[in-house]
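# Secondary and tertiary structure notes
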Amino acid sequence: MVCADLNEKDAMAVAASVGGMGMRCDVGQEGDMNALVVAALERYGAVDIFCSNAGIAFAGSEASPDEDWARTWGVNLMAHVYAARAVLPGMLAIGAGGLDVAVAMGGGPFYLTCPKVIRINLTGKLQPWVSAKDVILAVLERLTTKGNVGSVVEYGGDGVET
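Our focus in this paragraph is the environment of I49. By the secondary structure assignment, I49 is in the loop between α2 (30-44) and α3 (66-93). I49 gets classed as exposed once you look at its relative accessible area, which sits at 56%.

Another aspect to go through is the nonpolar core. With 19 residues, the main nonpolar core has V27, M33, L36, V37, V47, F50 and V87 as its most contacted residues. Where this core is concerned, the elements lending two or more residues are β2 (21-24), α2 and α3. Looking at which element gives the most residues to this core, the answer is α3, with eight residues. Beyond its immediate sequence surroundings of up to four residues, F50 is in contact with M33, L36, V37, A83, V87, M91 and M105.

Attention shifts here to the layout of surface pockets. For the largest pocket, the calculated volume is near 700 Å³. Lining the largest pocket are 27 residues; nearest its centre among them are V2, C3, A4, L36 and C51. If you list the elements that add at least two residues to the lining of the largest pocket, you get β1 (2-5), α2 and α3. Top contributing element to the lining of the largest pocket by residue count: α2, with five residues.

Moving on to helix α1 (residues 8-17). The opening residue of α1 is N7, an N-cap whose side-chain oxygen sits 3.0 Å from the backbone nitrogen of K9. Just past α1, the residue G19 takes up positive phi, approximately 75°.

With that settled, consider the pattern of salt bridges. Counting across every chain of the model gives four salt bridges. Note that R85 is salt-bridged to E30, the shortest N-O span being 3.1 Å. Taken together, the positions of R85 in helix α3 and E30 in helix α2 put the pair 55 residues apart, joining distant regions of the chain. The class of E30 is partly exposed, set by a relative accessible area of 28%. Residue E154 is joined to R119 by a salt bridge in which the shortest nitrogen-to-oxygen separation is 2.8 Å. In this pair, E154 sits in strand β4 (residues 151-156) while R119 sits in strand β3 (residues 116-121), placing the two residues 35 residues apart along the sequence. Overall, the relative accessible area of 35% leaves E154 in the partly exposed class.

Residue placement: D26 occurs in the loop between β2 and α2. Among the polar contacts made by the side chain of D26, one reaches the main-chain amide nitrogen of G28 at a distance of 3.0 Å. With residues up to four places along the chain from it excluded, the contact list for D26 reads L6, D32 and R71.

Below, the discussion takes up the pairing of β2. In the sheet, β1 pairs with β2 via four bridges, with the strands oriented parallel. Directly across from V2, in β2, lies its bridge partner M21. Between the parallel elements β1 and β2, the chain passes through α1 in a crossover that is right-handed.

A separate point is the packing of aromatic side chains. For any pair of aromatic rings, the description consists of the separation of the ring centres together with the inter-plane angle of the planes. With the rule as written, the count across this model stands at one aromatic pair. Ring geometry for F58 against W69: centres 5.0 Å apart, planes inclined by 75°, an arrangement best described as edge-to-face. Here W69 lies in helix α3 and F58 lies in the loop between α2 and α3, a separation of 11 residues in the sequence. On the basis of relative accessible area, F58 is assigned to the partly exposed category, the value being 29%.

About the cut-offs
- Residues numbered from 1 in each chain as written.
- Predicted model: local features only at pLDDT ≥ 70, side-chain atom pairs only at ≥ 80, totals over all residues.
- Heavy atoms only, no water.
- Helix = DSSP H or I, 4+ residues; strand = E, 2+ residues; numbered from the N terminus.
- Buried < 20%, exposed > 50% of the residue type's maximum accessible area, 1.4 Å probe, protein only.
- Core = buried A, V, L, I, M, F, W, Y, C linked by side-chain atoms within 4.5 Å.
- Contact = heavy atoms within 4.5 Å.
- 1 Å grid on protein atoms, 1.4 Å probe; cavity = no way out; pocket = protein on both sides within 12 Å on 5 of 7 lines; lining within 4 Å.
- Points joined across faces, edges and corners; volume = space filled by probe spheres on them.
- Polar contact = N/O pair within 3.5 Å; in protein donor to acceptor, adjacent residues only side chain to side chain.
- Salt bridge = Lys/Arg side-chain N within 4 Å of Asp/Glu carboxyl O.
- Pairing = 2+ DSSP bridges.
- Right-handed = clockwise from strand over helix to strand, strands pointing away.
- Phe/Tyr/Trp six-rings, centres within 6.5 Å; stacked < 30°, edge-to-face > 60°.

Okay, here's the thing in structure tokens:
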């Protein structure tokens, strides 16, 4: 678990209570949100669930300075846009659909089936006119669309270096 807060000390304390990682993050700033996701990916390898629940309020009026309105807009709306931009590509890459991700981000369940791993060991050296994409397409041609659904194809062996 990763806990983020403007107050790094508080984030670290909450994270420590559950054996997680804490860090400072201003969710109203896209750069901070990206750094948060990168740190989580570096530590845990994936983001399975992202709870974007920050919110602020201020006792303002039409006369309040634009900075107050911009800060509220940044945290209450843009933080969720920044979160989606940062985590959706990785979530979609694992096969989650848009509705699946929306339900999960809203606190609902998301079930992820562990894929079957198809390992292909490459040996030898590719000819100069053959690219990695040619190898991938040849493998997919043999597997067909029925053979690779629910699977991850992993390439290994000495031939990967070529």
